[in-house]
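Descriptive structure summary
For reference, the chains in residue letters:
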Amino acid sequence: MSQQQRDTIDQVLRHSGLDLGGEVAEQRRRYREMMSAIPLPGDVRTEDAALGGVPVVVVTVDDVPATSTILYFHGGAYAIGAAALSVGLASGLARAAGARTVSVEYSLAPEAPHPAATDDAVAAYRGLLEDGVPAGAVVLAGESAGGGLALAAAVAIRAAGLPAPAAVYLVSPWVDLTLSGESIVTKAPVDPSVAPAGLGRRALDYGGGHDLGDGRLSPLFADLTGLPPLLLQVGGNEVLLDDSTRLAARAAAAGVQVTLQVTPGVPHVFVGFAGMLDEADRALAEAGRFLATHLAG
C-alpha cells in the first residue's frame, strides 16, 4: 500500500503546475490555490495576531493544551507561501506534540531579501519571550526554506544573547543556498517537485547580492556550537537530501545533539502528506514525541 501511496503523491506533485523558479506572482497564486483546496480538520482553530511587530497565525487544536509553543516557519523557497497556508502541517505538529503552533508571516523575497526573514523570525521569538513565554516552552520548526530559516534564527538568537529555545525541528531543510550538495544533481531525476534551476533563481532573489555561502543565509556553514537539540527529517528522493545529511554531520561535530531520519522513496516535505502516506504519519508521530519531550524539559 505504501508504494501505491508514494506513486500517487509523486504523480500529483509532477502535475501540480507549481514551479519554484517561475514568475513569483503567478507561483504564489498557484500555491495559494493548491493549499487552500485542502480542507482542515474540524477541530483546528486559527487566529491572526502579531509578535514583535511581525504578523503570525496562531494555530490550536481543540482539547490540546496550549501551554507550549511551536514557532513555525513555512516553506516556499523564501519567495512563496504564507503562514495561513501552512496550517495543515502546523496543526498536525500541534496535535502530535500537544502544543499550539504559531506560524510566522516572515518577509518574502524578492521584495524583502536577506536579512529581512531572519530579522522577522528573531523578532517573533523575542515577542514570545516578552509576552512571558519561557524559552524552555518554545521550539522552532520549519519546512524547506522555513527549515533553513528556523536554523538561521536559532543561530541569530544565540548571537543576540537571548535564551535558547528547547529544540529545533527541521523538515527537508534548505540550508545551503550555494547548492553544493551532490544530491542536487544525483536526485534531480527522482525529485518530483523541486528543480535545481528553480532553487538557484530563488537563492539569488533571497540573497539580494550577499554571499550565498555566508552562514547567515546558508546556516549549513554557520557555527552551530551551542545550539539546542535538532531533529532532521528528509526524504530519500530529494535534491536537498545532502543538505540534511551534511547538516547532521556538522552539528554532531559541533557537539549538538542531533537526530537524522531519512525516509527512502519519499519526496520533499513528505511529512506534509500525513493522512495520505504511511511514512508521513510515522514521521509526524516521531516529531511530536521529540517536541513534546523537549518541551517537557
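So, a few notes on the structure that sits alongside this text. (Residues numbered from 1 in each chain as written. Predicted model: local features only at pLDDT ≥ 70, side-chain atom pairs only at ≥ 80, totals over all residues. Heavy atoms only, no water.)

1. Some thoughts on unusual backbone geometry
Most of the time, phi is negative for any residue but glycine, and the peptide bond is trans. Along the chain, Ala 109 connects to Pro 110 via a cis peptide bond; the corresponding omega equals 5 degrees. One can find Pro 110 in the loop between β4 (100-104) and α4 (116-130). In this structure, Pro 115 follows His 114 across a cis peptide bond, with omega equal to 10 degrees. For Pro 115, the location among the structural elements is in the loop between β4 and α4. Positive phi values are uncommon outside glycine, yet Tyr 78 reaches one of about 65 degrees. As for its placement among the helices and strands, Tyr 78 is situated in the loop between β3 (69-73) and α3 (87-97). Here Ser 172, not a glycine, exhibits a phi torsion of approximately 45 degrees, which is positive. Structurally, the position occupied by Ser 172 is in the loop between β6 (167-171) and α6 (183-186). Among the residues examined, Ser 172 registers a relative accessible area of 0% and is labelled buried. (Helix = DSSP H or I, 4+ residues; strand = E, 2+ residues; numbered from the N terminus. Buried < 20%, exposed > 50% of the residue type's maximum accessible area, 1.4 Å probe, protein only.)

2. Here's the deal with the pairing of β6
The buried fraction of β6 is high, at five of five residues. Covered by surrounding structure in β6 are Ala 167, Tyr 169 and Val 171 together with Val 168 and Leu 170, the residues of both alternating faces. Direction of pairing for strand β5 (residues 138-143) relative to β6: parallel, over a ladder of five bridges. Bridged to Ala 141 within β6 is Tyr 169. Each parallel crossover has a hand, and the one from β5 via helix α5 (residues 145-159) to β6 is right-handed. With four bridges joining them, β6 and strand β7 (residues 230-235) adopt parallel strand pairing. Directly across from Tyr 169, in β7, lies its bridge partner Leu 231. (Pairing = 2+ DSSP bridges. Right-handed = clockwise from strand over helix to strand, strands pointing away.)

3. Some words on the nonpolar core
Formed by 65 residues in total, the largest nonpolar core has its most connected members in Leu 71, Phe 73, Tyr 125, Leu 140, Trp 174 and Leu 199. Per element, the largest residue contribution to this core is eight residues, and it comes from α5. Ranked by size, the runner-up nonpolar core spans 37 residues in total, among them Leu 13, Tyr 169, Val 171 and Leu 291. (Core = buried A, V, L, I, M, F, W, Y, C linked by side-chain atoms within 4.5 Å.)

4. A word on the packing of α4 against α5
In the contact formed by α4 and α5, the axes pass within 9 Å of each other and the chain directions differ by 65 degrees. In terms of axis orientation, α4 runs roughly perpendicular to α5. Considering only the axes of α4 and α5, their crossing is right-handed. Facing Ala 117, Thr 118, Ala 121, Val 122 and Tyr 125 of α4, the residues of α5 in contact are Leu 149, Ala 152, Ala 153, Ala 156 and Ile 157. (Axes fitted to C-alpha atoms, helices over the stretch in contact; angles between N-to-C directions. Parallel < 35°, antiparallel > 145°, perpendicular 65-115°, else oblique. Left-handed = near helix turned anticlockwise from the far one by under 90°. Contact = heavy atoms within 4.5 Å.)

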